[in-house]
Amino acid sequence: MAFWNHEKISYEKLNQMVDEAMDGSFSEENYTESELSKLESKWARFLASSSLAGRQLQEEKEKIQELITDISHQTKTPLSGILLYTQLLQEEELPPSALPLVQEIARQARRLDFLIHALVKTSRLETGVFQLAPVRQLLFPLLSEARDELASRAALKEIEILLPDSSGEAACFDLKWTKEALCNLLDNAIKYSPKGSRITLSLRSFEMFCAIDVSDEGTGISQEELPKLYGRFSRGKAAAGTEGVGIGLYLSREILSRQGGYLTAESNSGCGSTFSMFLPK
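What counts, and where the lines are drawn
- Counting of residues starts from 1 at the beginning of each chain's written sequence and follows it residue by residue.
- Note on the predicted model: pLDDT of at least 70 is required for a residue's local features to be given, and 80 or more for side-chain atom pairs to be given and counted; whole-chain, interface and lining totals, by contrast, use all residues.
- Side-chain calculation: all heavy atoms of the structure are included, whereas hydrogens and water are not.
- Helix and strand assignments come from DSSP, with helices taken as H or I runs of at least 4 residues and strands as E runs of at least 2, each series counted from the N terminus.
- Contact between two residues is taken to exist if any of their heavy atoms lie within 4.5 Å; hydrogens are not considered.
- Multiplying 1.5 Å by the residue count of a helix minus one yields the expected span of that helix.
- Bend at a residue means the angle formed by two fitted axes: the first through the 7 residues ending at that position, the second through the 7 residues beginning there.
- Three exposure classes are used, based on accessible area relative to the maximum for each residue type with a 1.4 Å probe and protein chains only: buried under 20%, partly exposed in between, and exposed over 50%.
- Two rings from Phe, Tyr or Trp (for Trp, the six-membered ring) form a pair when their centres sit within 6.5 Å of each other. Planes less than 30 degrees apart are called stacked, planes more than 60 degrees apart edge-to-face, and all others tilted.
- The term nonpolar core refers to a set of buried residues drawn from Ala, Val, Leu, Ile, Met, Phe, Trp, Tyr and Cys, joined through side-chain atoms within 4.5 Å.

S.K.: Give me the side chain of Q259: which residues, what numbers.
M.R.: Checked against the element boundaries, Q259 lands in the loop between α6 (248-257) and β6 (262-267). When sequence neighbours within four positions are dropped, the list of residues in contact with Q259 reads L132, P134, F173, D174, T178, L279 and P280.

As structure tokens, then:
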């Protein structure tokens, strides 16, 4: 009986330590060697080191976020200036050989601006600065808003974005961030689709998920490249001559996974692609 009581006390102390570690109040100073068995003492040191590692990891995340925010802030004014001056140059009577150079400067400045904004969004999402708040809502308004946001880009290539019939399909998602993910997929579809083609948005319903399919008639992606698409700055061979930085799919997948969803892709070289966003019901 005495052994059982001692064992029970040890379990209670271990349980208390774990509870304190989970709520962030654990401190090794609260437990002395004389009060603890050998096992409890080891457990206390383990929890203390784990707690310290957790705090250091959080501090590192905050430093990275602060650094990226500073970079974004410090580069905003110079980038705006470059874009403004290139626009003014394009309005001047330049030698024929100079105009392509000015246009390339403007293109690269826009690319850099997009990259910095994408990195800031990704960093804030990964470090928990932005918290997703999924709620159950209809899917059709999400598709409609994303189509309207990319309509002008599609019009430049005479691409038609087709929507499904308005339906009552609903899922659980954060509207703002999920629209960001969908717009990334639509933007990619526009980039890699030929002039005058079509992009089709469609909905599929399953027992636990709803899927949003983005299908294009573009260059397609080889089977070898498909598994590599979701890495940061990863781009397929067919994208070599197309504007982009290769972070959109990574960000879209992160957004979906953080609200219980996932992203898939089906494609073959020269046969177009279908990217599917799965959202929990």
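S.K.: Got a sec to walk through helix α4 (residues 140-156)? Specific residues and values, please.
M.R.: Taking 1.5 Å per residue as the helical rise, α4 with its 17 residues ought to reach 24 Å, and the 25 Å between its terminal C-alpha atoms agrees with that figure. The largest bend in α4 amounts to roughly 50° and is located at L150. Taken as a whole, α4 has its buried residues at F140, L142, L143, S144, A146, L150 and A154. On its buried face, α4 sits against β1 (135-138), β2 (160-162), β3 (170-173), α5 (175-191), β4 (198-205) and β5 (209-215).

S.K.: An account of the packing of aromatic side chains is needed here, citing residue identities and associated values.
M.R.: Going through the model one piece at a time under the given rule, you end up with three aromatic pairs. Judged by centre distance (5.4 Å) and plane angle (75°), the rings of F209 and Y262 are edge-to-face. Of this pair, F209 sits in strand β5 while Y262 is found in strand β6, placing the two residues 53 residues apart along the sequence. For Y262, a relative accessible area of 35% puts it in the partly exposed group. Ring centres of Y262 and F278 lie 4.5 Å apart, and the angle between their planes is 5°; on these two criteria the pair is classed as stacked. In this pair, Y262 is assigned in strand β6 and F278 in strand β7 (residues 273-280), connecting sequence segments 16 residues apart. Exposure remark for F278: the relative accessible area of 9% places this residue in the buried category. An aromatic cluster is defined as three or more aromatic residues linked by ring pairs; in this entry it consists of F206, F209, Y262 and F278.

S.K.: Which residues make up the nonpolar core, and what values go with them?
M.R.: Residues L139, L182, L186, I199, I212, V214 and M277 are the most contacted members of the largest nonpolar core, which totals 35 residues. Elements with a contribution of two residues or more to this core: α4, β3, α5, β4, β5, α6 and β7. The element best represented in this core is α5, accounting for eight residues. Setting aside residues no more than four positions away along its own chain, L139 makes contact with E169, A170, A171, F173, L203, C210, I212 and L279.

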